[in-house]
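Here's the letter readout for the chains.
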Amino acid sequence: MAKSDSPSSAGHYDANYGNFQTELYAQIRQEAFGEDIGQNSWLTSDEQDRFLRWLELAPGKILLDVACGAGGPALRIAAATGCSIVGIDAHKEALTTAGSLAAQRGLAERAEFRFIDATGPLLFSDNSFDAITCIDAINHFSDRPRVIAEWARLLKLGGRLLFTDPITLTGPLTNVEVAVRSSAGVYLFVPHGYDECVIAQCGLQLLVCEDVTANMAKVAEARHTARASRSDALHEIEGDQAYDGQQEFLAVAARVAREGRLSRFVYVAKKLS
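My aim in this report is to walk through the structure given alongside it, one point at a time. It should be emphasised that the depicted structure is a prediction, and the values quoted were computed from it without experimental measurement. (Residues numbered from 1 in each chain as written. Predicted model: local features only at pLDDT ≥ 70, side-chain atom pairs only at ≥ 80, totals over all residues. Heavy atoms only, no water.)

1. With respect to the overall build of the chain
Link 1 in the chain: Of the regular secondary structure elements, the chain holds eleven helices and eight strands.
Link 2 in the chain: Over its C-alpha trace the chain gives a radius of gyration of 17 Å, about what one expects of a compact globule, namely 19 Å for 273 residues.
Link 3 in the chain: Along the three orthogonal principal directions, the C-alpha set of the chain runs to about 55 × 45 × 30 Å.
Link 4 in the chain: Partitioning the contacts of the chain with sequence separation of at least 6, the portion at a separation of at least 24 is 77%.
Link 5 in the chain: Summing over all exposed atoms, the chain offers an accessible surface of approximately 10700 Å²; the carbon and sulfur share of this is 52%.
Link 6 in the chain: Taken together, the 26 basic and 35 acidic charged side chains of the chain have centroids lying 6 Å from each other. (Helix = DSSP H or I, 4+ residues; strand = E, 2+ residues; numbered from the N terminus. Rg over C-alpha atoms; globule rule 2.2 N^0.38 Å. Contact = heavy atoms within 4.5 Å. Areas by Shrake-Rupley, 256 points an atom, 1.4 Å probe, with all protein chains shown as cover. Lys, Arg positive; Asp, Glu negative; His and termini not counted. Charge placed at Lys NZ, Arg CZ, Asp CG, Glu CD.)

2. Topic: helix 4 (residues 72-81)
Link 1 in the chain: With eight of its ten residues buried, helix 4 lies for the most part within the structure.
Link 2 in the chain: By the burial criterion, the buried members of helix 4 are Gly72, Pro73, Ala74, Leu75, Arg76, Ile77, Ala78 and Thr81.
Link 3 in the chain: Buried residues in helix 4 make contact with helix 3 (45-55), strand 1 (62-66), strand 2 (84-89), helix 5 (92-104) and strand 3 (111-115).
Link 4 in the chain: Gly82 sits one or two positions beyond helix 4 and adopts a positive phi of about 85°. (Buried < 20%, exposed > 50% of the residue type's maximum accessible area, 1.4 Å probe, protein only.)

3. Here's the deal with the packing of helix 2 (residues 23-33) against helix 10 (residues 231-238)
Link 1 in the chain: Two numbers describe how helix 2 lies on helix 10: the axes approach to 11 Å, and their chain directions differ by 125°. Classed by the angle they form, the pair helix 2 and helix 10 counts as oblique. Helix 2 and helix 10 meet at a crossing whose hand is left-handed. Note on element contacts: helix 10 touches helix 2 through Ala233, Leu234, Ile237 and Glu238, opposite Leu24, Tyr25 and Ile28.
Link 2 in the chain: For the contact of helix 2 with helix 10, the per-class residue count stands at six nonpolar, no polar and one charged. (Axes fitted to C-alpha atoms, helices over the stretch in contact; angles between N-to-C directions. Parallel < 35°, antiparallel > 145°, perpendicular 65-115°, else oblique. Left-handed = near helix turned anticlockwise from the far one by under 90°. Nonpolar A, V, L, I, M, F, W, Y, C, P; charged D, E, K, R; others polar.)

4. Structural notes on empty space enclosed by the protein
Link 1 in the chain: For the coordinates displayed, the defined rule picks out three cavities of 30 Å³ or more.
Link 2 in the chain: Here the largest cavity defines a volume of roughly 170 Å³.
Link 3 in the chain: Around the largest cavity, the lining is made up of 22 residues, and of these Leu43, Asp65, Pro73, Ala74 and Ile135 lie nearest the centre.
Link 4 in the chain: For the lining of the largest cavity, the secondary structure elements donating two or more residues are helix 3, strand 1 and helix 4.
Link 5 in the chain: Tallied by class, residues from the lining of the largest cavity come to twelve nonpolar, eight polar and two charged. (1 Å grid on protein atoms, 1.4 Å probe; cavity = no way out; pocket = protein on both sides within 12 Å on 5 of 7 lines; lining within 4 Å. Points joined across faces, edges and corners; volume = space filled by probe spheres on them.)

5. Digging into helix 3
Link 1 in the chain: When we look at burial in helix 3, the residues that qualify are Ser45, Glu47, Gln48, Phe51, Leu52, Trp54 and Leu55. Relative to the axis of helix 3, the buried residues are bounded by an arc of 155° and lie together on one face. With respect to the buried face of helix 3, the exposed residues turned more than 90 degrees away are Asp46 and Arg53.
Link 2 in the chain: Its buried side turned inward, helix 3 meets helix 4, strand 4 (129-134), strand 5 (155-169), strand 7 (204-211), helix 9 (213-228) and strand 8 (262-271).
Link 3 in the chain: Within two residues after helix 3, Glu56 carries a phi angle of roughly 55°, on the positive side. (Arc of directions from axis to C-beta.)

Distances and angles like these do not, on their own, reveal function.
Here you go:
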């Protein structure tokens, strides 16, 4: 799942990040994603491999990963492409884990992780990055035009922006479904077509818009099942309320995605000027 610094998201994310490197949570990720790359979103390794072809990263290039979480996916990109990475997130426990994973994977010299609230101005110079990614977290930023404009400022000429929007409205939702699906912080639900308009308004050229809802439905279902099979241990670690809340979140996320009512799209855009 994506990241938010809202107080209401604390139980949802802190349990995952606080126990991220335990064997129990690693087993859940392995079963849910097929390969544990240290992710806490809907991203799978085969999906990331496809995304990488659009980013054009290589040694000497720099990637900014917004809402990097525990850093696993960004570190995998660094290992695969030889690029350097800067990850930013508003969860300190996640960043502690990210630093530890960087050291474990021998990537500490090419990886930097910073505690930054990505909803505000980012203290980097203009034209600092060759690529920017934000996986399953843009929905937590209520002022999307300002956020994407800030990312455009940070991109070098010809740089690529890739983000996934996992709560794009593509069908009817009940108030209960909306409440459960947005229970982990600030969520901005937008209709399909909104992201394309904002990308254009920010002076970026849209290269790719692809429906990747099936991956979200599959991961949500698998994660729900993996957690349910370890419910006794998770109840003890997370507490009844947090455990039940995450299970309900995953069940609703899987259902509305499978039925095509709340979809996930990946966007790739290029800075031309």
